[in-house]
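Overview (structure and organization)
Residues per chain are reported as follows:
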Amino acid sequence: MRGVLKYQFDGLRNAWHDGLNGEAKRSAIAFCLLAVIGFIACMALPELRERLVALVVDTISGLGAVNEDGTLSALGIFSNNLRACAFTMVYGLLPFIQLPALALGINAMLLGVLAAWYVAEGESILVYLAALLPHGIFELPALVLAFAMGLYVCGQLTRRCRRDENALHVWDCLVLISRMLLLVQLPLLAVAAVMEAYVTPLLISLFT
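Here goes a summary of the coordinates provided. (Residues numbered from 1 in each chain as written. Predicted model: local features only at pLDDT ≥ 70, side-chain atom pairs only at ≥ 80, totals over all residues. Heavy atoms only, no water.)

1. Concerning the packing of aromatic side chains
Filter applied, for reference: Ring pairs shown here join Phe, Tyr and Trp side chains whose ring centres sit within 6.5 Å, with only the six-membered ring taken for Trp; geometry is labelled stacked below 30 degrees between planes, edge-to-face above 60, and tilted in between. For every residue, the accessible area (1.4 Å probe, protein chains only) is compared with the maximum for its type, and the residue is labelled buried under 20%, exposed over 50%, or partly exposed between those bounds.
Considering all chains together, one arrives at four aromatic pairs under this definition. Judged by centre distance (5.4 Å) and plane angle (80°), the rings of W117 and Y118 are edge-to-face. On the basis of relative accessibility, which here comes to 30%, the residue W117 falls in the partly exposed class. Using a relative accessible area of 17% as the deciding quantity, one classes Y118 as buried. Each member of the aromatic cluster is reached from another via a ring pair, and the members are W117, Y118 and Y128.

2. Examining the environment of L114
Formally: Labels follow the DSSP assignment, with helices taken as runs of H or I lasting at least four residues and strands as runs of E lasting at least two, numbered in each case from the N terminus. Whether two residues touch is decided by their heavy atoms; if any such pair falls within 4.5 Å, the residues are in contact.
Mapping L114 onto the fold places it in helix α4 (residues 99–120). The class for L114 is partly exposed, based on a relative accessible area of 28%. For the pair L114 and Y128, spaced 14 residues apart in sequence, the C-alpha separation works out to 8.3 Å. Contact partners of L114, with chain neighbours within four places excluded, come to V56 and Y128.

3. Comments concerning helix α2 (residues 46–61)
Since one α-helical turn is 3.6 residues long, residues separated by three or four positions face the same way. Spelled out, the test is: Given a helix with a known number of residues, its expected span is that number minus one, times 1.5 Å. In this context, the arc is that of the directions from the helix axis out to the C-beta atoms.
The terminal C-alpha atoms of α2, which comprises 16 residues, lie 22 Å apart, in line with the 22 Å expected from a rise of 1.5 Å per residue. Of the residues making up α2, those classed as buried are R49, V53 and V56. The buried residues of α2 all sit within an arc of 60° when viewed along its axis, so they share a single face. Residues E47, R51, L55, D58 and S61 are exposed on α2 and point more than 90 degrees away from its buried face. Looking at the buried positions of α2, the neighbouring elements they touch are α1 (2–44) and α4.

4. Describing the packing of α1 against helix α5 (residues 125–161)
Threshold: Comment: axis = line fitted to C-alpha atoms, over the contacting stretch for helices; angle = value between 0 and 180 degrees taken between N-to-C directions. Working rule for handedness: look at the near helix, and if it is turned counterclockwise from the far one by less than a right angle, call the crossing left-handed; if clockwise, right-handed. Ten residues, namely Ala, Val, Leu, Ile, Met, Phe, Trp, Tyr, Cys and Pro, are considered nonpolar, four, namely Asp, Glu, Lys and Arg, are considered charged, and the remaining ones, Gly among them, are considered polar.
α5 packs onto α1 with a crossing angle of 115° between their chain directions and a minimal axis gap of 8 Å. Seen from above, α1 lies across α5 with right-handed handedness. Residues L12, A15, W16, D18, G19, L20, E23, A24, S27, A28 and F31 of α1 form the contact with α5, whose participating residues are L140, V144, L145, F147, A148, M149, L151, Y152 and Q156. Of the residues that constitute the contact of α1 with α5, the class distribution is 15 nonpolar, three polar and two charged.

5. Brief notes about the pattern of salt bridges
Here is the rule: Counted as salt bridges are all cases of a side-chain nitrogen of Lys or Arg within 4 Å of a carboxyl oxygen of Asp or Glu.
One pass over the structure, following the stated rule, counts six salt bridges. Between R13 and D10 there is a salt bridge, and its shortest N-O distance comes to 2.3 Å. A residue pair is termed a helical-turn pair when its members lie 3 or 4 positions apart in one helix, as R13 and D10 do in helix α1 at three residues. Taking the relative accessible area as the measure of exposure, D10 reaches 22% and is therefore partly exposed. Note that E50 is salt-bridged to R49, the shortest N-O span being 3.8 Å. Residues joined by salt bridges that share partners form a network here, namely K6, D10 and R13.

Next comes the structure, spelled out in structure tokens:
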């Protein structure tokens, strides 16, 4: 069993040194910049902020991440985040289009939107950080790695379409996506969901 896991992690390690690390760095930088842009835009444009917050609330309410009693569902959060990461990586199987970059932009901007909403409502930024950091230290790396993997496989398949024999085949990309999902993102998102459902509300209560 240990040998099998080592083999699977070695595949991810090889992709990391082959260019996945660069995509991860660029994705992390772009995510932070776009979140800041989203925050500034929503602070400057209150009407835009209200519309986007309403859209976020409607979207979250339809995801099944909230129980009937109003508490957060760890299972609902986990399944939604895992599905989002999986689709983000699978989008990369479409060469040339770079759909993972669009997913990155949307998620980053929404983070900035929520930060702007907290500040506009007169809440301390500490409340926002208390709501974000406990699960964010696990969830955000998983998201960034999903964006990075999607961009990496998109680049590989784009090169393959251009007849670069050194680029990965579709099957190789699917294997990489599966490894990232099962070995890295699944445990990260499981911990993040538990933290968001049970720890985050306790921390927020300290500020209210």
